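# Coordinate analysis (summary)
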Amino acid sequence: MTDPHLLSLTVNGAEHEVVVEPRRTLADVLRHDLRLTGTHVGCEHGVCGACTVLLDDAPVRACLVFAVQAEGSEVRTVESLAGPDGGLSDLQQAFTDHHALQCGFCTPGFLLLAEGVLAEQPDASREEVREALSANLCRCTGYQTIVDAVCATARARQEAR
Amino acid sequence: MKPAAFTYHRAHGVPDAVGLLTDLTAAGEDPKLIAGGQSLMPMMTFRLARPSALVDLGPLRRVPSMTAISESGGTLSLGALVTHHAVETAALSPGFAVLARAMRWVGHLPIRSRGTVAGSLVHGDATAEWCLLALLLDAEVVAEGPAGRRTIPAGELFHGFYATAVDPDEVVVEVRFTRPAPHAALTEFARRHGDFAIVDAAVALDLDEDGRTSGGRVVLGGVAPAPVRVPEAEEVLAAGAPADDALAAAVADAAAGAIDPPDTDDGAGVSAAYRRRLTRTLVADACRQASGAAR
Ligand SMILES: Cc1cc2nc3c(=O)[nH]c(=O)nc-3n(C[C@H](O)[C@H](O)[C@H](O)COP(=O)(O)OP(=O)(O)OC[C@H]3O[C@@H](n4cnc5c(N)ncnc54)[C@H](O)[C@@H]3O)c2cc1C
Ligand code: FES
Ligand code: FES
């Protein structure tokens, strides 16, 4: 009773068609079917946020979406952030500059969460950034540097307007 | 891949969803609706839930009434698929602004981006903010089943231990909040922000022009198998007094005295006495916030 479904979705601007079992999560389809392994999987029940991606521009837990539910949607993963030349995005560079990662396991999730938050609240205060980032877990950094990196990016983007 | 296998069916209208539930059940299946999936999917990954078929309400986001937020004549109507985040960012009138303010307590942004009002109410967690808010603001749940539509008042919705009055072959289409409360607040305590609360409290104050109460609501989660109103505490509000710290303390004492909370919760080791103390603190806080709200 695997009931395979033909699924079409757009990931980082490219259209994909895959045949999936309904119980396959979006995180698993990204990682195993599309080989986009930048999206990480930690808890697989919605608590850690390592799997955060943008689904139609909203940050979501990719482990709490069955891929079949994403039919026709647009997904953005960490692989979309780097420029065409492979250089780091401003947010990624800020993470490096502010030492916002150590082992890096949580980083793709934080990057996409932060992009989702900044798209909706470009002028988010430090308090609002802290509140939003509290969605995800990091076992290494102690969070302050992640908040620093996101706030610095927000400021730089505001100034560049 | 953690959940057990299931067959997947997209609903393309409310009657289609009801029909799928009916037909799948008749065929010996054990179907379940999925909306945001933010409660059902964790249950399925733990295999606490093993539906043999899922009926996805996702395509119904294209039906305008299912995601509509509208207010008229003192009633706020939310389509079943309205997300927590849509409410958080909606411009609601003062009578319903407590709903938007309360959303920050529901999980985190990525959960709120997908989780829905109806999913929360049908899931029926005893500490879910939506369940408390439904009792606070006299919600009515409109459910469509094979025999047509019916309206279930919030007071009859929660049977405790995740059981609700919505039948397995029914689809909730709308939730209406019929009691505006400009002076209302919800607050809670959880060990980590974003977790389900250990105890949560919601208070609505009916205030006259002099700032004296003439009635109100006190609702608690986490002190019984279902969210509850506390008549003993509401009597204190009905008796009428200035909405000050003394009243907040009196209401909190009445609430803490009236409840009979469970002694433990899933190994968290939370005693009944602890829940009682949380109740006293949170009800007093909610009273103070409510009297300050919308001033
Ligand atoms: C990490 C994490 C933290 C969370 N923290 C909180 C919290 O603090 N407070 C809180 O309240 N919630 C919390 N949640 C749960 C979240 O709010 C869910 O969104 C919500 O409980 C269910 O809504 P849903 O749309 O996701 O429903 P689903 O998970 O899709 O469904 C839940 C149940 O409702 C039924 N259902 C759904 N829609 C309908 C409908 N229209 N008609 C009939 N039946 C329907 C389903 O069949 C299922 O039984 C958390 C979740 C996670 C993963
Ligand atoms: S893997 Fe999805 S939230 Fe942890
Ligand atoms: S850098 Fe290691 S978990 Fe965050």
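Residues numbered from 1 in each chain as written. Chains lettered and ligands numbered in written order. Predicted model: local features only at pLDDT ≥ 70, side-chain atom pairs only at ≥ 80, totals over all residues. Heavy atoms only, no water.

## A short note on empty space enclosed by the protein
All names here are of chain B. The condition is simple: The way it works is a 1 Å grid over only the protein atoms, where trapped points that fit a 1.4 Å probe form a cavity and open points with protein on both sides within 12 Å along at least five of seven lines form a pocket, and then any residue with an atom within 4 Å of a point lines it. Grid points are joined across faces, edges and corners, and a volume is the space filled by probe spheres set on the points. Numbering goes from the N terminus for both helices and strands, where a helix is a DSSP run of H or I of at least four residues and a strand is a run of E of at least two. Amino acids are sorted into nonpolar (Ala, Val, Leu, Ile, Met, Phe, Trp, Tyr, Cys and Pro), charged (Asp, Glu, Lys and Arg) and polar (every other residue, Gly among them).
Counted by the stated rule, this structure contains 1 cavity of 30 Å³ or more. By volume, the largest cavity amounts to about 40 Å³. If you go around the largest cavity, the residues you meet are Leu205, Ala243, Asp244, Asp245, Leu247, Ala248, Cys287, Arg288 and Ser291. Contributions of two or more residues to the lining of the largest cavity are made by α9 (245-258) and α10 (272-292). The residue makeup of the lining of the largest cavity, split by class, is 5 nonpolar, 1 polar and 3 charged.

## Looking at the domain arrangement of chain A
Residues and elements named next belong to chain A. Note the following rule: What counts as a domain boundary in this text is fixed by an automatic or database domain assignment. Throughout, a residue-residue contact means that at least one pair of heavy atoms, one from each residue, lies within 4.5 Å. The term buried area denotes the loss of accessible surface (1.4 Å probe radius) that occurs when two parts are joined, taken as the sum for both partners. Salt bridges, as used here, are contacts in which a Lys or Arg side-chain nitrogen is within 4 Å of a carboxyl oxygen on Asp or Glu.
Split into domains, chain A comes out as domain 1 (5-81) and domain 2 (90-160). Between the C-alpha centres of domain 1 and domain 2 the distance comes to 21 Å. At the junction of the two partners, domain 1 supplies 17 residues and domain 2 supplies 13 residues. Where domain 1 abuts domain 2, roughly 1200 Å² becomes buried across the two surfaces, and 68% of that area is made up of carbon and sulfur atoms. Three residues, His40, Thr52 and Leu81, lead the burial of domain 1 against domain 2; their summed loss comes to 36% of the area buried on that side. Here domain 1 and domain 2 share 0 salt bridges between them. Listing elements by their share of the side of domain 1 that touches domain 2, those giving two or more residues are β3 (52-55) and β4 (58-61). Broken down by element, the side of domain 1 that touches domain 2 gets its largest block of residues, 3 residues, from β3.

## Overview of the sheet that holds strand β2 (residues 31-34) of chain B
Adjacent strands of a sheet pair through backbone hydrogen bonds, lying either parallel or antiparallel. Residue and element names in this part refer to chain B. Note the cut-off: Any two strands are treated as partners once DSSP identifies two or more bridges connecting them. All axes here are fitted lines through C-alpha atoms, helices being fitted over the stretch that makes contact, and every angle between N-to-C directions spans 0 to 180 degrees.
If you trace the 3 strands from one edge of the open sheet to the other, you get β1-β3-β2, paired in parallel fashion. Looking along the sheet, the strands with just one partner apiece sit at the ends: β1 (7-10) and β2. Along the sheet, successive strands turn relative to each other by an average axial angle of 25°, direction set aside. Note: β2 against strand β3 (residues 53-56), 4 bridges, orientation parallel. Bridge pairing in β3 links Pro31 to Ala53. Contacting β1, β2 and β3, helix α1 (residues 14-26) crosses the sheet at an angle of about 170° to β3.

## Structural notes on the packing of helix α3 (residues 107-120) of chain A against helix α5 (residues 144-159) of chain A
All names here are of chain A. Quick note on the threshold: Note that the term roughly parallel is reserved for angles under 35 degrees, roughly antiparallel for angles over 145, roughly perpendicular for angles of 65 to 115, and oblique for everything else. Each crossing gets its hand from how the near helix is turned against the far one by less than a right angle, where anticlockwise is left-handed and clockwise is right-handed.
The contact between α3 and α5 brings their axes to 11 Å, and the two run at 40°. With respect to their mutual orientation, α3 and α5 come out oblique. Once α3 is placed against α5, the crossing between them reads as right-handed. For the pair α3 and α5, the contacting residues are Phe110, Ala114, Glu115 and Leu118 in the first and Ile146, Val150, Thr153, Ala154 and Arg157 in the second. Here the residues of the contact of α3 with α5 are counted per class, giving 6 nonpolar, 1 polar and 2 charged.

## Some remarks on the packing of aromatic side chains
Here the distance between the centres and the angle between the planes together describe a pair of aromatic rings. Residue and element names in this part refer to chain B. Note the cut-off: Two aromatic rings from Phe, Tyr or Trp, using only the six-membered ring of Trp, form a pair when their centres are within 6.5 Å; if the ring planes differ by under 30 degrees the pair is stacked, by over 60 it is edge-to-face, and anything between is tilted. Burial classification: accessible surface area is computed with a 1.4 Å probe over protein chains only, and a residue below 20% of its type maximum counts as buried, one above 50% as exposed, and the rest as partly exposed. Placement of a charge over a ring requires the Lys NZ or Arg CZ to be within 6 Å of the ring centre, with the centre-to-atom vector within 35 degrees of the ring normal.
Tallied over the entire structure, the rule returns 3 aromatic pairs over all chains. Summarising the aromatic geometry, the rings of Trp130 and Phe177 are spaced 5.9 Å apart at their centres and angled 45° between planes, so their arrangement reads as tilted. Of the two residues, Trp130 sits in helix α7 (residues 129-136) while Phe177 sits in strand β10 (residues 171-177), which places them 47 residues apart along the sequence. Of the residues examined, Trp130 reaches a relative accessible area of 0% and is grouped as buried. By relative accessible area, Phe177 is classed as buried at 0%. The ring of Trp105 has Arg104 sitting right over it, with the charged end atom 4.5 Å from the ring centre.

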